[in-house]
Structure formats: structure tokens, C-alpha cells
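# Summary of the model geometry
Each chain, letter by letter, is given below.
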Amino acid sequence: MSEQYDYGKAFRLDGKTALVSGAARGIGAAIAQALAQAGAAVVVSDVAEGAGRETVAAIVKAGGRAAFQKLDVTQESQWQAAIAASIAQFGGLDVLVNNAGIETSALLTQCSLEDFRRVQQVNVEGVFLGVKHAVAAMSPGGAAGRGGSIVNLSSVAGLIGTTGHIAYHASKGAVRLLTKAAAVECAQLGTGVRINSVHPAIVATAMGTQFVQDFVDLKIMPDYATAEAAFKAAHPMGRFGAPSDIASAVLYLASDAARWITGSELVLDGGYTAA
């Protein structure tokens, strides 16, 4: 006889608390809304306080539970405060989504060390600090102590290269392997914490638009319309991703439906890297 398994319940997050960085707008806001719809209490964190509070208001208006916490992911003390606030307000920490990130464009020989370091500081050090303090809280004996799921936002830029984005590619490649190393360690130490990464291609957000515009600014493409058409054609499904496409995948990895998945990379790219 097969095991008795409630698939509907497995995809729910009722009774769980989630912290999402960079959740004021774009992909982060969509993720926060998705987790809340699935039943989680969500801490929306960002440096953009006004937009972050608007995201919280939208979640609450839709019947969800949410609170705002200001978070500069490069500051270790702010990570500690955000995790403590999540536990104090909602009684635990079960899900962390490391979504906050920046990108900059420059040809390799023109990329300043200052810009390179800044991208690594936000995209890599920010993820490291989030994972470090969330694992400590989620592990047995920690302030939350009941295990959990961590989802790190990498990118197809962590799998393949493009011209003019050396700093961004370096950062997202680092997130990919940081995820795998942390996942193995957490599994072998019996922490009950799963850690996975997701790898979107171009998504229809302000950052996605800027990525396309970068190729015009670097004089690789003649204009935005040409660049946009070329990149859409490079996605076999013929379109850019929507924030909800990414949020749905994060929701799956955050849920118990993904209970046997850790150290994995989920590629969300409309076939971009398969072509």
C-alpha cells in the first residue's frame, strides 16, 4: 500500500513564518504575496520602506498576515534584528527567501573595482549573512528551532555568461555554489534546513528592463526594441518571465512538497539555457 500523503496540505504554508529580502517590489513583492496566499505570515524586508509598507498593506488587504522590517542585507546587525523581529512577531522562522540583489553593466576592461565589489557585497555577502543567521535560528536549539527552507535567488547568469555583466555573473555564480555547500552542511549536520537556489532568465521587472537596456547603452544593440526582440527570441517560449512565474517556484521550494529537495538549482527561463 502506498504512503498516505496529503498533497494539498503539502503545498500550504499554514502556521509558518517567512522572511523575504528585497520584497518591496518586483519579484520580491510577488514572492511575499505568494507565500502569504499559501498561509504564511510574511515579513517583508527591504531598504525601500515606503514601497515595502505598500506591499504589506496589499497582503493584509487580501486577507494575509504581514509586517515590514527595514533591512540592508549588507549589514549583519540588521539581519540579526530582522530574524529576531520575525520570531518575536509571528512566533518562528520557517522560510527565508534571499531575493535582494543589484546589477551593474560594464565591459570587463571598464568595470571598476568599486562597482564589482558593491555587487558582490549585496548579492553574495547579503545572501551569506541571511543564510548564516537563518540557519542558526532554524536549527535545533535555535530561536525558532524547527528546521525550515531557504531559497536563494540566483539567475541564469549564475549558469552562463553574457557580455557586459561580469560583476553580476560572478555574484550569481557564487550564490549557486554557496547554496550547494550550505545545503550539504545543513543536511549532514541534521539541522532540518533545506537550501535551494532558483535561476530566472529575464523577468518583466524594472531590473529586467534595465538588463535589456544595458545592451543598448553598451552599443551592442542599436535600440531597445531590437534588443528586446532578440532576447525574447532567445527564449524558446517567446516571452520574458512574469514575477508570478518566479514566485510560484519559490513557493514550491518553500513548502513541504519539496521536502526531499536540497542543494538543487531550479532553472526558470522559458527554455533559454536549453536552446
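Residues numbered from 1 in each chain as written. Predicted model: local features only at pLDDT ≥ 70, side-chain atom pairs only at ≥ 80, totals over all residues. Heavy atoms only, no water.

In the nomenclature of an unreviewed UniProt entry, the protein corresponds to NAD(P)-dependent dehydrogenase, short-chain alcohol dehydrogenase family from the organism Solimonas aquatica. The Sequence similarities (unreviewed entry) comment attached to the protein in UniProt states, word for word, "Belongs to the short-chain dehydrogenases/reductases (SDR) family." (UniProt positions renumbered as here; feature names shortened; annotations may be inferred.)

### Here's the deal with the packing of helix α4 (residues 76-90) against helix α5 (residues 113-138)
Closest axis-to-axis distance for the α4/α5 pair is 10 Å, and the angle between their directions is 40 degrees. It follows from the interaxial angle that α4 and α5 lie oblique. The two elements α4 and α5 cross, and the hand of that crossing is right-handed. Packed against α4, whose contacting residues are E76, W79, Q80, I83 and I87, the element α5 presents G126, L129, G130, K132, H133, A134 and A137 at the interface. Residues of the contact of α4 with α5, tallied by class, amount to six nonpolar, four polar and two charged. (Axes fitted to C-alpha atoms, helices over the stretch in contact; angles between N-to-C directions. Helix = DSSP H or I, 4+ residues; strand = E, 2+ residues; numbered from the N terminus. Parallel < 35°, antiparallel > 145°, perpendicular 65-115°, else oblique. Left-handed = near helix turned anticlockwise from the far one by under 90°. Contact = heavy atoms within 4.5 Å. Nonpolar A, V, L, I, M, F, W, Y, C, P; charged D, E, K, R; others polar.)

### Observations regarding the nonpolar core
With 34 residues, the main nonpolar core has I31, L35, V42, V44, V97 and V250 as its most contacted residues. Breaking this core down by element, the ones donating at least two residues are β1 (17-20), α2 (26-37), β2 (41-46), α3 (49-61), β3 (65-70), β4 (95-98), β5 (148-153) and α9 (243-254). Excluding residues that lie within four positions of it along the chain, L35 makes contacts with L13, A18, V20, A40, V42, V95, V97, L251 and A254. I83, A134, L178 and A182 belong to the second largest nonpolar core, which has 31 residues in total. (Core = buried A, V, L, I, M, F, W, Y, C linked by side-chain atoms within 4.5 Å. Buried < 20%, exposed > 50% of the residue type's maximum accessible area, 1.4 Å probe, protein only.)

### Some points on the sheet that holds β5
The strand order across the open sheet built from seven strands is β3-β2-β1-β4-β5-β6-β7, with neighbouring strands paired in parallel fashion. The sheet terminates laterally at β3 and β7 (265-268), the two strands that pair on one side only. Each adjacent strand pair in this sheet contributes to an overall mean axis angle of 20 degrees, direction not counted. Of the strand pairs in this sheet, β1 and β2 are connected by four bridges, and their pairing is parallel. Note on β2: the bridge partner recorded for A18 is V42. Across the face of the sheet, α3 comes into contact with β2 and β3 while running at roughly 170 degrees to β3. Across the sheet, α9 lies against β4, β5, β6 (193-200) and β7, angled at about 150 degrees from β5, the strand it touches most. (Pairing = 2+ DSSP bridges.)

### Comments concerning the packing of α2 against α3
Viewed as axis vectors pointing N to C, α2 and α3 meet at an angle of 25 degrees, and their least axial separation amounts to 10 Å. Here α3 runs roughly parallel to α2, going by the angle between their axes. Note that α2 runs across α3; the crossing there is right-handed. Residues A29, A32, Q33 and A36 of α2 pack against T55, A58 and I59 of α3. Grouping the constituent residues of the contact of α2 with α3 by class yields five nonpolar, two polar and no charged.

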